[in-house]
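Chain residues, written in single-letter form:
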Amino acid sequence: MDSNERLEHLAATAEAVTALTPSLLPQPHSHGNFYISGNARVHLGDNYMHNRDGSEMSLRRKLLTSLSFPQMHERGQQISNAYPDTYKWMLQPVTRGSQQWDCFRSWLDKPRDHHGMYWIHGKPGSGKSTIMKFLHNKLTLEDHMLLWSNEQPVIKVRYFFWKPGNMLQRSVEGLCRHLLIQILEQRPGMLDDALLVQQRTGTSIHTAYWNETELSEALLALVQSLGTSSKFLFLVDGLDECGDSDVVQEKLVDYLTKLSMCDHVKTCISSRPWNLYRDAFTLCPQLRLEDLTRADIQVYVESRLQIHAGWRFFEVTSRQEADGLISYIVDAADGVFLWASLVVRDILRGLRDGDGLGDLRRKLYRIPADLDDYFMCIIESIEPCYQGEASALLQLALHKEKEFTSVFSLRLVDTLLIAERYENFAVRPEFNVYYLNVKDERAIRFLYNSALRKLNSRCKGLLECVGGRMRRSSADIHAETRGIQTPSEYTNWLTGLFETTVEFLHRSLRDFLLLPRTQAILHQFTGGQSVDTRLYLSSARVAQLLALASVGESGDITVGLASHILSALWVNRHSQDSALMALKIRDTVEWLARAPPAPSYWYIEPAFSCWQQEQSNFLSLAIDFQLTSYVLENLTRYSVRSKAGRPILDYILRPRFAHTMCPGARWADPELLVAALACGANPNERYGEPPYGDNRPSIWALHMCFLADCIRDRIGINLLDFETRQSDCFQVLSALIKAGAAPTLPYGWLASRAWCPDPGTLRSGERLRMSGGARFCQRWPTALPPSPNNRGQGHDVFYAVSDLLPDLSPYFDIDLGPVIQDLKSRERQSGGVR
């Protein structure tokens, strides 16, 4: 069952059980309009909690979608399962006389005392993540938690932090999202309570995302609310892989400690033995993993070597010498499972190549006992003719997007073109962007087989392929095609290949590759320079997007590719490469936007969801993502004037992603504005959807409302760094006024909820009770007083824009006087406020 099917099933189950499940959380003070924070705004309406109609299931599903994120399950799937017959000691009782560690079984099965946390710590490569996955797979209520549960259900949830992953995979926010999803999967009747928690804890109803505070408070409240009916077991792996600073990790420790203070909660955590964790968990039951895995490593080494007929022969003919080699490996490993597995791999390779016991012994004694030194030996063993490609592959695997939240990890298909000489190969005249011919099954199998072989030969096993829950090989890919009968089965198989990821052998390898001395070697392999990994990935994914579109694939992976490409082009938005790549994907993205909609977590989704309503096109999408070079090259009088639906100027003046964390425009871009005005864009053009009819506001009025939104968010949730936009704001206002923006605006355009960019953002019953600049905190509500010299009622009342702008002064260090004077002059010329 994939993530979308799981959400549908959960929402349907919740619909059936909600009526039987009482609300366990405190009711909020008001049932007015509110938002579920997610990757797109979801307006629930005034009376959601009182209206139990068919839309309720959809709203629950939107809540679950707002919590989900791509690659949510990826890290857990990547971790190898425990080798057979290892780690069994973890779930067995420990006799007091021989106890070297605090018995996990005793801690888990006993009624809760003051030790709500159990700490597993160990050296890099000692198997902490593997044992945490083992616990999640093996722990059962009947066998291990019956006494503690006291006849109550136990909700078992887990999270694996992953430092090389995207922002959510290594943050407290990602932890809370995934834990909430798992709790709601096991207790779907709590969905209504989760909605109420979000309303009660949300610090802002305007944000398009859950923020970390909302999530952590919602999770804590949900856990506390179930205290009388359930127990909780949290398994959290890799605390040292959370965030990039001690501050973040201290915050995580504090939060997990707070969760574990609940009497019905137990938490098992794992980390490296850093001082921060030693200080925090010194009084907790704990174990040091490398002290306890000697027997497990011996089982692993013996079993793996016995697979090979050559080793079985040595066991018969030279048993003592063979056993001596095994003992040496187990002793030298010193509890580091990763080191033992690498050595076994080298020995099996030697057996394959015909090495005798003497050859194996000499190789074994030359292997460094230190992991970093071992990795260096592997790097230095790469054949000179392969060093350039090996370095490029390792640099791609190291790529960590900092400009935007990367949610599209390195895939095997990304490596198919690693031999290309230029990182921007997709826009070079000699490159065939349809090189990836996915219509030809034989060709695609050959390309993937070649890519797998190249990955192994160039990187010497330092990088691995992971597809779904399995490591993949060329044999896997060939075997999977045998059952293909129909085009849809082929498409499913193809998208499965596209999802095959490339990962480091272990996180410690990534740490080693980031060392200055290792970086110097990698750059030396690529001619003394680093690879522009973002540009290479953009080129590779342009080819992939066009390839998938050529067979009509419009699902989540294709949408994800489009979203990633646009996000990467935004980073280099002023470059010619950005404009050329945008041009190559234009027709495909427009086709994708018109395809049947599917639930999506990607950045592009808000634009796609409004595509038909706004009659959008690729130029408007390029404005959303602020692809400056492309927009400037394609903005013409025709493109401005022929655009139906939402005007081009409105896209510029009210950026779609201003209130989100998506890449793209946060504020009106003065450069794009001036270009649009030069192409005939009119700030006084009126825009609005039915049923507003003739009362539609002007684009200029909508921008003033947007400006007030930005001021409000600056004060409330601080999503926008408004200080850095002061110069832009001044330039935008100046350009609009010079272009003839009306000096007066109807009162109704500024006050009515109908003219809000998102009509629900004003809470029902909300009225202004402040004066002066404070009124900008809530936009202009219906009680906004008109200017003293205004006449008329309702939409016949006009408001001087020059009277509004002084309210901006407290938030700006620049002088708005010239803009205000221009407006007053224009107002006098037009006969005053009318």
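- The name an unreviewed UniProt entry gives the chain is NACHT domain-containing protein, with Lithohypha guttulata as the organism.

Side note on the overall build of the chain
Then, in step 1: A count of helical and extended segments in the chain gives 39 helices and twelve strands.
Then, in step 2: Residues classed as buried in the chain amount to 57% of the 834 residues present.
Then, in step 3: Considering only intrachain contacts with a sequence separation of at least 6, the fraction spanning at least 24 residues in the chain is 77%.

With respect to the packing of aromatic side chains
Then, in step 1: Counting across every chain of the model gives 26 aromatic pairs.
Then, in step 2: Seen from their ring centres, Phe-425 and Phe-431 are 5.1 Å apart, and the 70 degrees between their planes marks the pair as edge-to-face.
Then, in step 3: What makes Phe-425 buried here is its relative accessible area of 1%.
Then, in step 4: Grouped by ring-pair contacts, the aromatic residues Tyr-83, Tyr-87, Trp-89, Trp-101, Phe-134, Tyr-300 and Phe-337 constitute a single cluster.
Then, in step 5: One residue, Lys-266, lies across the ring of Trp-107, its end atom 5.4 Å from the ring centre.
Then, in step 6: Against the face of Tyr-651 rests Arg-646, its NZ or CZ located 4.3 Å from the ring centre.

Section: the confidence of the model for the chain
Then, in step 1: When pLDDT is averaged along the chain, the result is 80, and 76% of the positions lie at 70 or above.
Then, in step 2: Confidence over residues 201–208 falls short of pLDDT 50; this stretch has 27 contacts with residues more than four positions distant or in other chains.

Regarding helix 36 (residues 726–738)
Then, in step 1: Between its first and last C-alpha atoms helix 36 spans 18 Å; for 13 residues at 1.5 Å apiece the expected length is 18 Å, and the two agree.
Then, in step 2: Regarding helix 36, the residues found buried are Gln-726, Asp-728, Cys-729, Val-732, Leu-733, Ser-734, Ala-735, Leu-736 and Ile-737.
Then, in step 3: Once helix 36 ends, the next one or two residues include Gly-740, with phi positive near 100 degrees.

Considerations on helix 26 (residues 556–571)
Then, in step 1: For helix 26, which comprises 16 residues, the first-to-last C-alpha distance of 23 Å matches the rise-based estimate of 22 Å (1.5 Å per residue) to within 8%.
Then, in step 2: Of all 16 residues that make up helix 26, 15 are buried, and the element is covered over most of its length.

Description of the pairing of strand 6 (residues 265–271)
Then, in step 1: Of all seven residues that make up strand 6, seven are buried, and the element is covered over most of its length.
Then, in step 2: Residues Val-265, Thr-267, Ile-269 and Ser-271 point to one face of strand 6 and Lys-266, Cys-268 and Ser-270 to the other, with burial holding for every one of them.
Then, in step 3: Across five bridges, the pairing between strand 3 (residues 117–121) and strand 6 is parallel. Its bridge partner lying in strand 6, Tyr-118 is registered against Cys-268.
Then, in step 4: With five bridges connecting them, strand 5 (residues 231–237) and strand 6 associate as parallel partners. Counterpart to Phe-232 in the pairing with strand 6 is Val-265.
Then, in step 5: In this region the chain leaves strand 5, passes through helix 11 (residues 246–260) and returns to the parallel neighbour strand 6; the handedness of that crossover is right-handed.

Overview of the nonpolar core
Then, in step 1: One finds Met-90, Phe-104, Leu-135, Trp-311 and Ile-604 to be the most contacted residues of the largest nonpolar core, which totals 194 residues.
Then, in step 2: Each residue touching Ile-604, except ones within four places of it in the same chain, is listed here: Val-559, Ala-562, Ser-563, Leu-566, Val-589, Leu-621 and Phe-625.

Re the pairing of strand 3
Then, in step 1: Of all the five residues making up strand 3, five are buried; the element is thus mostly covered by neighbouring parts of the structure.
Then, in step 2: Alternating positions in strand 3 separate into two faces, Met-117, Trp-119 and His-121 on one and Tyr-118 and Ile-120 on the other, with burial throughout.
Then, in step 3: Across three bridges, the pairing between strand 3 and strand 7 (residues 286–288) is parallel. Each bridged residue has a counterpart across the sheet, and for Ile-120 the counterpart in strand 7 is Leu-287.

Comments concerning the packing of helix 25 (residues 533–550) against helix 27 (residues 576–594)
Then, in step 1: Between helix 25 and helix 27, whose axes approach to 10 Å, the crossing angle comes to 25 degrees. Classed by the angle they form, the pair helix 25 and helix 27 counts as roughly parallel. Our pair here, helix 25 against helix 27, has a crossing hand that is left-handed. Between helix 25 and helix 27, the residues in contact are Leu-535, Ser-538, Ser-539, Val-542, Leu-545, Leu-546 and Ala-549 and Asp-577, Met-581, Lys-584, Ile-585, Thr-588, Val-589 and Trp-591, respectively.
Then, in step 2: Split into classes, the residues belonging to the contact of helix 25 with helix 27 amount to nine nonpolar, three polar and two charged.

A few points about the pattern of salt bridges
Then, in step 1: Considering all chains together, one arrives at 34 salt bridges under this definition.
Then, in step 2: When the shortest N-O distance is used, the salt bridge between Arg-656 and Asp-624 registers 3.0 Å. With Arg-656 in the loop between helix 33 (648–653) and helix 34 (670–678) and Asp-624 in helix 30 (residues 618–624), this residue pair connects regions lying 32 residues apart in the sequence. The exposure classification of Arg-656 matches that of Asp-624, with both residues buried.

What to know about the sheet that holds strand 3
Note: strands within a sheet are paired through backbone hydrogen bonds, in either parallel or antiparallel orientation.
Then, in step 1: Taken in spatial order, the five strands of this open sheet run 4-5-6-3-7, and their pairing is parallel. Two strands in the sheet have a free side with no partner beyond their single neighbour: strand 4 (154–160) and strand 7. Across the sheet, the axes of successive neighbouring strands diverge by a mean angle of 10 degrees, strand direction being ignored.
Then, in step 2: Its contacts with the sheet place helix 5 (residues 128–138) against strand 3, strand 4, strand 5 and strand 6, and it is angled at close to 155 degrees to strand 5.

Quick look at the side chain of Arg-411
Then, in step 1: Of note, Arg-411 is situated in the loop between helix 19 (387–398) and helix 20 (441–459).
Then, in step 2: We note that Arg-411 is buried and unpaired, the nearest opposite charge coming from Glu-74 at a distance of 5.5 Å.
Then, in step 3: Among the polar contacts made by the side chain of Arg-411, one reaches the main-chain carbonyl oxygen of Phe-498 at a distance of 3.1 Å.
Then, in step 4: For Arg-411, the residues in contact, after removing those within four places along its chain, are Phe-498, Glu-499, Thr-500, Thr-501, Val-502, Arg-541 and Ile-557.

About the criteria used
Residues numbered from 1 in each chain as written. Predicted model: local features only at pLDDT ≥ 70, side-chain atom pairs only at ≥ 80, totals over all residues. Heavy atoms only, no water. Helix = DSSP H or I, 4+ residues; strand = E, 2+ residues; numbered from the N terminus. Buried < 20%, exposed > 50% of the residue type's maximum accessible area, 1.4 Å probe, protein only. Contact = heavy atoms within 4.5 Å. Phe/Tyr/Trp six-rings, centres within 6.5 Å; stacked < 30°, edge-to-face > 60°. Lys NZ or Arg CZ within 6 Å of the ring centre and 35° of its normal. pLDDT = per-residue confidence, 0-100. Expected span 1.5 Å × (residues − 1). Pairing = 2+ DSSP bridges. Right-handed = clockwise from strand over helix to strand, strands pointing away. Core = buried A, V, L, I, M, F, W, Y, C linked by side-chain atoms within 4.5 Å. Axes fitted to C-alpha atoms, helices over the stretch in contact; angles between N-to-C directions. Parallel < 35°, antiparallel > 145°, perpendicular 65-115°, else oblique. Left-handed = near helix turned anticlockwise from the far one by under 90°. Nonpolar A, V, L, I, M, F, W, Y, C, P; charged D, E, K, R; others polar. Salt bridge = Lys/Arg side-chain N within 4 Å of Asp/Glu carboxyl O. Lys, Arg positive; Asp, Glu negative; His and termini not counted. Polar contact = N/O pair within 3.5 Å; in protein donor to acceptor, adjacent residues only side chain to side chain.

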